[in-house]
Amino acid sequence: MSADTPKAVVTRFAPSPTGYLHIGGARTALFNWLYARGRGGKFLLRIEDTDRARSTPEATKAILQGMAWLGLDHDGDVISQFEGAKRHAEVAHELLAAGKAYKCFSTQDEIQAFRDAAKAEGKSTLFHSPWRDVDAADHPDAPYVVRIKAPQTGNTIIKDEVQGDVTIRNDQLDDMVLLRSDGTPVYMLAVVVDDHDMEVSHVIRGDDHLNNAARQMMIYNAMGWDVPVWAHIPLIFGNDGKKLSKRHGATGAEEYQVMGYPAAGMRNYLTRLGWSHGDDEFFTDAQAREWFDLGGIGKSPARFDFKKLENLCGQHIAQADSAALQQEIIAYLAVSGAQPLTQKQADGLFKAMPCLQERAKKFPDLIEKATFVLSSRPIVPDEKSSKNLDKVSRGILNELTPHLQNASWGRENLEAVLNGYCETKDIKFGKLAGPMRAALAGRSATPSVFDMMLVLGQDESLARLTEAAAPADAS
Ligand code: GLU
């Protein structure tokens, strides 16, 4: 490949499996996914499980589930960083052989003594190993760590696509340990070796890793490897301008799934959280893939705003495909621990979908509106709607029903019948609609009575109206 041939885009998400998928991590994954998918590149998943004490298989499972929910599919196998330990150590040995790293025999006590003395003299406590330039012939037969030879003068410049050029004075970098005295590689080495071996072209991650980038660059430079494009993104804040935490509400991706937010709305909101494309708020996945770039990422932390999230989710529900939405709701019911739908209910939900989609911000809203189609006779009105089935209202329903018996079951005609009835009786439409909602759904927040009648069909609608007009226990 010639120097000016652009490299294929390869991004990765590299979570540490120590808890759940934090919403900030989900956004990092999403940015990497969008960047790769919009450029015909690859999006890889590496589980950073080198910290054996803190990594758990449950956490890995939660990460995979969260990503699956958000539709963030990765290319190839899930890579375990821990499994690459041998390769990571190999690179440290290569650096050792090339004289770019050295064996350091200083004990913890000696390091501490060095620091104490430096502190007493008011100097930097950065450890300078006395072994950096000692000839191998003079090495003792004692435990050692392998340290990289950090540059001692000049600056390290991180060219960051979000933060701009970040300059770090090299005299502030120490000879970082690459291999511990038991021969195991450190995390920082593992990240660089993996990113290199996985041919990662762009590292998009939280700006809490910006300091690591300077240390990681030492390894890239010592190995003569190309440095990836860096993009360190600001963390997500709560509405009070402080780092997002449990105090602000849910922080785990799966909590949003259980609350019933649609994945498309969540993707849209998380994409907008810290990235912009002009004034666009609502966009489709295809638009996000096409538009997403590193230049649109803001430098200051974005604030999580539930109102905006709900607003976007509502728009996504409104424009979603009925069949896809039905499937997503079935999946939502499963994760939220609700009763699964029967086939009849699932079919009814699908049929009713167009009249449920409007104004629902999340799935519980939509399901509440779907009560009419999910329930079967006898319809038991809830407390609020039972007030609409008093004697007068039942009388109205009684009178109305015969008009519907022979009516042709189309919207225009039903409108004509109901409006005609109200005119003749000189009553407002609400006087009729309230009892009808109670009869058809047992609820007061429902789709329009016309929508419900059309979805339920003539026989079922009439049966419900008749039953409500003359309940078995009516006095
Ligand atoms: N494992 C790190 C984390 O979960 C990410 C490291 C990286 O992206 O380089 O914060």
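Asker: How do you make sense of the packing of helix 16 (residues 391-405) against helix 17 (residues 411-425) when you look at a structure like this?
Answerer: Any two packed helices are characterised by the angle at which their axes cross and by the distance between the axes. It is at 11 Å that the axes of helix 16 and helix 17 come closest, and there the two elements cross at 135 degrees. Taken together, the axes of helix 16 and helix 17 are oblique relative to one another. The crossing of helix 16 and helix 17 is right-handed. The segment helix 16 lies against helix 17, with Ile396, Glu399, Leu400, His403 and Leu404 engaging Leu414, Val417, Leu418, Tyr421 and Lys425. Here the contact of helix 16 with helix 17 is composed, by residue class, of 7 nonpolar, 1 polar and 2 charged.

Asker: It is not clear to me how the sheet that holds strand 1 (residues 10-13) should be interpreted in this structure. Could you clarify?
Answerer: Sheets are built from strands paired through backbone hydrogen bonds, the pairs being either parallel or antiparallel. Strand order in the open sheet formed by 3 strands is 1-2-3, and the pairing between neighbours is parallel. Unpaired on one side and paired on the other, strand 1 and strand 3 (79-80) mark the two borders of the sheet. Where strand 1 meets strand 2 (residues 42-47), 4 bridges bridge the pair, whose relative direction is parallel. Its bridge partner being in strand 2, Arg12 is matched across the sheet by Leu44. Along the sheet face, helix 1 (residues 23-37) touches strand 1 and strand 2 and points at about 165 degrees away from the line of strand 1.

Asker: Could you clarify how one ought to interpret the site of the ligand in this entry?
Answerer: Around the ligand lies a shell formed by Arg12, Ala14, Pro15, Ser16, Glu48, Tyr187, Val191, Arg205 and His209. Between the ligand and the protein, one listed contact pairs a nitrogen atom with a side-chain N or O atom of Glu48 at 2.6 Å. Here His209 contributes a side-chain N or O atom positioned 2.9 Å from an oxygen atom of the ligand. In isolation the ligand has 300 Å² of accessible area, and contact with the protein removes 80% of it. For the shell around the ligand, the class distribution of residues is 4 nonpolar, 2 polar and 3 charged.

Asker: It is not clear to me how the sheet that holds strand 4 (residues 101-104) should be interpreted in this structure. Could you clarify?
Answerer: Reading across the sheet, the 3 strands line up as 4-5-8 and stay open at both edges, with antiparallel pairing between neighbours. Of all the strands in the sheet, just strand 4 and strand 8 (177-179) have a single pairing partner and so form its edges. Pairs of neighbouring strands in the sheet enclose a mean axial angle of 40 degrees, with direction left out of account. Across 2 bridges, strand 5 (residues 145-148) lies against strand 8 in antiparallel orientation. Across the sheet, Val146 pairs through a bridge with Leu179, a residue of strand 8. Each of strand 4, strand 5 and strand 8 touches helix 3 (residues 85-97); the most contacted strand, strand 8, lies at about 115 degrees to it.

Asker: Honestly, the nonpolar core in this entry has me stumped. Any pointers?
Answerer: Looking at soluble globular proteins, one finds that nonpolar side chains tend to be buried together. Core analysis: the largest hydrophobic core is formed by 47 residues, its most contacted members being Ile23, Tyr256, Met266 and Phe304. For this core, the secondary structure elements donating two or more residues are helix 1, strand 2, helix 2 (57-69), strand 10 (229-233), helix 7 (253-259), helix 8 (263-272), helix 9 (285-291) and helix 10 (306-319). A per-element tally of this core places helix 1 first, with 9 residues. With residues up to four places along the chain from it excluded, the contact list for Phe304 reads Ile23, Ile236, Phe237, Gly238, Asn239, Leu244, Tyr256, Tyr269, Leu270, Leu273 and Leu309.

Asker: Looking at this model, I keep getting lost on the pattern of salt bridges. Mind explaining?
Answerer: In a structure, side chains of opposite charge can pair up when their charged atoms sit close to one another. For the coordinates displayed, the defined rule picks out 27 salt bridges. Residue Asp73 is joined to Arg37 by a salt bridge in which the shortest nitrogen-to-oxygen separation is 3.7 Å. One end of the pair, Asp73, is in the loop between helix 2 and strand 3; the other, Arg37, is in helix 1, and 36 residues separate them in sequence. The class for Arg37 is partly exposed, based on a relative accessible area of 22%. Taking the shortest distance from any N to any O, the salt bridge between Asp75 and Arg37 comes out at 3.1 Å. Note that Asp75 is positioned in the loop between helix 2 and strand 3 and Arg37 in helix 1, a separation of 38 residues in sequence. Beyond isolated ion pairs, a larger network of salt bridges with shared partners links Arg12, Arg46, Glu48, Asp194 and Asp195.

Procedures and definitions
- Residues numbered from 1 in each chain as written.
- Predicted model: local features only at pLDDT ≥ 70, side-chain atom pairs only at ≥ 80, totals over all residues.
- Heavy atoms only, no water.
- Axes fitted to C-alpha atoms, helices over the stretch in contact; angles between N-to-C directions.
- Helix = DSSP H or I, 4+ residues; strand = E, 2+ residues; numbered from the N terminus.
- Parallel < 35°, antiparallel > 145°, perpendicular 65-115°, else oblique.
- Left-handed = near helix turned anticlockwise from the far one by under 90°.
- Contact = heavy atoms within 4.5 Å.
- Nonpolar A, V, L, I, M, F, W, Y, C, P; charged D, E, K, R; others polar.
- Pairing = 2+ DSSP bridges.
- Near = heavy atom within 4 Å.
- Polar contact = N/O pair within 3.5 Å; in protein donor to acceptor, adjacent residues only side chain to side chain.
- Areas by Shrake-Rupley, 256 points an atom, 1.4 Å probe, with all protein chains shown as cover.
- Core = buried A, V, L, I, M, F, W, Y, C linked by side-chain atoms within 4.5 Å.
- Buried < 20%, exposed > 50% of the residue type's maximum accessible area, 1.4 Å probe, protein only.
- Salt bridge = Lys/Arg side-chain N within 4 Å of Asp/Glu carboxyl O.

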